[in-house]
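Geometric and topological summary
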Amino acid sequence: MSDSRFKLSMFLHELELPFDRALATAKEIGAEYVWFDRIDDEKPLAEMSDREAERMAARVTKHGLKLHLLRAGSPFKQFHLTDLDVATMADQPAFRRDLAAVTRSIQLAAHLGVGAVCTFTFAWPGEYTAGKPTWPMRWLTRGGVISDGDMEKLLKAFSLVLEQAERYAVDVAVSMMPWNYTNTTGNFRRLAERLGSPRLKALWGPADNFNSGEADVATAGYQNMRPYLHGLHLKDLRVIDGQQLHFQYCPLGAGDVDYVTILCQLRVHHSETILAMATHFRPAGGSPVEAMRTNFAQLAQLIRRAEDGE
C-alpha cells in the first residue's frame, strides 16, 4: 500500500474495538487517516469543548494517524424530510438540534485544522417508519425523483449548513446513503448545482449508488462526482433483487462495483483522493478486524490492477 498515491482512511467503528485499540489496529493495518462519529468513552463530539476536542485529536496523533474529517453523530440521517415545513424549518426543534451538531463539528474542524466535516441529507418518505414504501419507485427511477417541494427544503437546509462552512472555511462532505436524498450521483449533482457552493463536497459511496439503481456509477457516476469529490467511502456488495432491496455486502472487489475503472480514473484526475474504508461484511468465522484486513488487502490488489491499466 505504501506505493499508492492515494490516501488511505478507515471508518474506525467497523473494528468494534475500544478507541485507542482501534487506532493502534488501524495504523497496523495500513491506515493513514481515520474517521468516526463518536468515541465510546467520551462525550458526543457535538458537546465537546475545544480543549476536549484537542485531547481527542491528540489521541489520534499519538498513534501516527490523522483525522480525515469530523462527524458529530449522524445529523439528518434518520430525519424524514417530510417532517419539515420549509417556512418553519429553522424553528423545528429536531432540525435545530441536528443543525447545531453540524455547526459544532464545523467549528471544531476549523479549530483542529481538519478540512471537512460529514453530514447526511435526510431520509426519503417513510424510510425509517413504514417499511421503505418508496424504495421500488426509487430503484426503478435510478434513485428516485426529488420533487420541487423537497428540493426547496433541501436547498434551505443546506444553505444554512453552508453559511457556517463558509464562515469557518471548512468543507461539508455529504454521505451518500441509499436511504437519503443524495443516494445517487445524479441526485447529489442536482442538489450541488442548485446550491452552487465550492464548500459542498461528496464522500462518494459507489456501492450505495449501485444499490440505489445507478448501474453506471463507475463511468457516468464518476463524471458527476468529479467537480465535488472529497473522498470515497469504500465497501462492496452484490445486488440480488434491486427492486426488492435484496443485496449482500461482501469483500471489496468481490461485488458488483467496478472499482478498477473508478481507480483508473481517480489516478488521472484525483490522485490524492482519500479512500475511506468500511466493511459491512463479516468473513466466515472471522472478526471485524479480519474483515478490515481483507478489504485493505483487496484494495491493494485493485490499485495494482488500475496501475496496470486493466
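Everything numeric here is computed off the predicted structure, so don't read it as measured data.

1. Examining the overall build of the protein
The number of helices and strands found in the protein is ten helices and ten strands. Viewed in the frame of its principal axes, the protein has a C-alpha envelope of about 50 × 50 × 40 Å. By the burial criterion, 55% of the 310 residues in the protein qualify as buried. Within the protein, contacts between residues separated by at least 24 positions form 76% of all contacts whose residues are at least 6 apart in sequence. Here the protein has roughly 12,900 Å² of accessible surface; of this, 47% comes from carbon and sulfur atoms. Seen as two clouds, the 35 positive and the 38 negative side-chain charges of the protein have centres 3 Å apart.

2. Focus: the packing of helix 9 (residues 259–269) against helix 10 (residues 288–307)
The contact between helix 9 and helix 10 brings their axes to 8 Å, and the two run at 60 degrees. As the angle between them shows, helix 9 and helix 10 are arranged oblique. Our pair here, helix 9 against helix 10, has a crossing hand that is right-handed. For the pair helix 9 and helix 10, the contacting residues are Tyr-259, Val-260, Leu-263, Cys-264 and Arg-267 in the first and Leu-299, Leu-302, Ile-303, Arg-305, Ala-306 and Glu-307 in the second. Of the residues that constitute the contact of helix 9 with helix 10, the class distribution is eight nonpolar, no polar and three charged.

3. Brief notes about the nonpolar core
Among the nonpolar cores identified, the biggest contains 91 residues, and Phe-122 and Leu-275 are the most heavily contacted of them. Setting aside its immediate chain neighbours within four residues, Leu-275 contacts Phe-6, Lys-7, Leu-8, Ser-9, Leu-232, Leu-234, Leu-263, Leu-266, Leu-299 and Ile-303. Within the second largest apolar cluster, eight residues are counted, among which are Leu-69, Cys-118, Ala-173 and Ala-276.

4. Topic: helix 1 (residues 19–29)
Think of an α-helix as turning once every 3.6 residues; residues three or four places apart then point the same way. Along helix 1, the positions that sit buried rather than exposed are Phe-19, Ala-22, Leu-23, Thr-25, Ala-26 and Ile-29. Each buried residue of helix 1 lies within a common arc of 165 degrees when the element is viewed along its axis, so the set occupies one face. Elements that come into contact with the buried residues of helix 1 comprise strand 1 (7–11), strand 2 (33–35), helix 2 (50–62) and helix 10. Immediately downstream of helix 1, the backbone of Gly-30 shows phi near 135 degrees, a positive value.

5. What about the packing of aromatic side chains?
Inspection of the entire model under this criterion finds 13 aromatic pairs. In this structure, Lys-132 packs its charged tip against the face of Trp-179, placed 4.2 Å from the ring centre.

6. A word on the pattern of salt bridges
Using the criterion set out here, one finds 17 salt bridges in the structure. With its nearest N and O atoms 2.6 Å apart, the salt bridge here joins Asp-37 to Arg-71. One end of the pair, Asp-37, is in the loop between strand 2 and helix 2; the other, Arg-71, is in the loop between strand 3 (66–67) and helix 3 (93–112), and 34 residues separate them in sequence. There is no split in this pair, since Asp-37 and Arg-71 are both buried. In this structure, the salt-bridge partner of Glu-127 is Lys-132, at a minimum N-O distance of 3.0 Å.

7. Considering the state of the cysteines
In this structure the tally under the stated criterion is zero disulfides. For the unlinked cysteine Cys-250, the closest cysteine sulfur is that of Cys-264, found at 19 Å.

8. Section: the pairing of strand 4 (residues 116–119)
Residues of strand 4 alternate between two faces, with Ala-116 and Cys-118 on one and Val-117 and Thr-119 on the opposite face, all of them buried. Of the pairings in the sheet, the one linking strand 4 to strand 5 (residues 171–175) comprises four bridges and is parallel in character. Along strand 5, the bridge assignment pairs Val-117 with Val-172.

9. A look at the side chain of Arg-71
Judged by relative accessible area, Arg-71 falls into the buried class, the value being 5%. A polar atom in the side chain of Arg-71 sits 2.8 Å from the backbone oxygen of Gly-73. Polar side-chain contacts of Arg-71 include one of 3.2 Å to the side chain of Ser-74. What Arg-71 contacts, discounting residues up to four positions off in sequence, is Phe-11, Trp-35, Phe-36, Asp-37, Leu-45, Cys-118 and Phe-120.

10. Concerning the environment of Thr-273
Within the fold, Thr-273 resides in the loop between helix 9 and strand 10 (274–277). Classification of Thr-273 as buried rests on a relative accessible area of 6%. Note: C-alpha distance between Thr-273 and Glu-152 (121 residues apart in sequence) is 31 Å. Excluding residues that lie within four positions of it along the chain, Thr-273 makes contacts with Phe-6, Lys-7, Leu-229, Gly-231, Leu-232 and Leu-266. Separated by 2.6 Å, the side chain of Thr-273 and the backbone oxygen of His-270 make a polar contact.

Criteria and thresholds
Numbers given for residues are sequential positions, taken from 1 along each chain in its written order. Given that this is a predicted model, residues contribute local features only at a pLDDT of at least 70 and side-chain atom pairs are listed and counted only at 80 or more, while totals for whole chains, interfaces and linings are drawn from all residues. In computing side-chain values, all of the structure's heavy atoms are included and hydrogens and water are not. Comment: elements are numbered from the N terminus, with helices defined as DSSP H or I runs of at least four residues and strands as E runs of at least two. Each residue's exposure class comes from its accessible area (1.4 Å probe, protein chains only) as a fraction of the maximum for that residue type: buried when under 20%, exposed when over 50%, partly exposed otherwise. The contact rule is simple, with two residues in contact once any of their heavy atoms fall within 4.5 Å. Working definition of accessibility: Shrake-Rupley area with a 1.4 Å probe, residue cover restricted to the visible protein chains. This count recognises Lys and Arg as positive and Asp and Glu as negative, with His and chain-terminal groups excluded. Charge positions come from single atoms, namely NZ of Lys, CZ of Arg, CG of Asp or CD of Glu. Only the stretch in contact is used when a helix axis is fitted, and all axes are lines through C-alpha atoms; the angle between N-to-C directions ranges over 0 to 180 degrees. Should an angle fall under 35 degrees it is called roughly parallel, over 145 degrees roughly antiparallel, and 65 to 115 degrees roughly perpendicular, with every other angle called oblique. Handedness of each helix crossing follows the sense of rotation of the near helix against the far helix: counterclockwise by less than a right angle gives left-handed, clockwise gives right-handed. Residue classes follow a fixed rule: Ala, Val, Leu, Ile, Met, Phe, Trp, Tyr, Cys and Pro count as nonpolar, while Asp, Glu, Lys and Arg count as charged, and any other residue, Gly among them, counts as polar. In these notes, a set of buried Ala, Val, Leu, Ile, Met, Phe, Trp, Tyr and Cys residues joined through side-chain atoms within 4.5 Å is what counts as a nonpolar core. Directions pointing from the helix axis toward each C-beta atom define the arc. The aromatic pairing rule takes the rings of Phe, Tyr and Trp, using the six-membered ring of Trp, and pairs them if the centres are within 6.5 Å, calling planes under 30 degrees apart stacked, those over 60 edge-to-face and the rest tilted. A ring is scored as having a charge over it whenever the NZ atom of a lysine or the CZ atom of an arginine sits within 6 Å of its centre and within 35 degrees of its normal. Between Lys or Arg on one side and Asp or Glu on the other, a salt bridge is scored when a side-chain nitrogen of the former is within 4 Å of a carboxyl oxygen of the latter. Note on disulfides: each one is a pair of cysteine sulfur atoms within 2.5 Å. A pair of strands is treated as paired once DSSP finds two or more bridges between them. The definition of a polar contact used here is a pair of N or O atoms within 3.5 Å, where within protein one atom must be able to donate a hydrogen and the other to accept one, and adjacent residues in sequence count solely through side-chain atom pairs.

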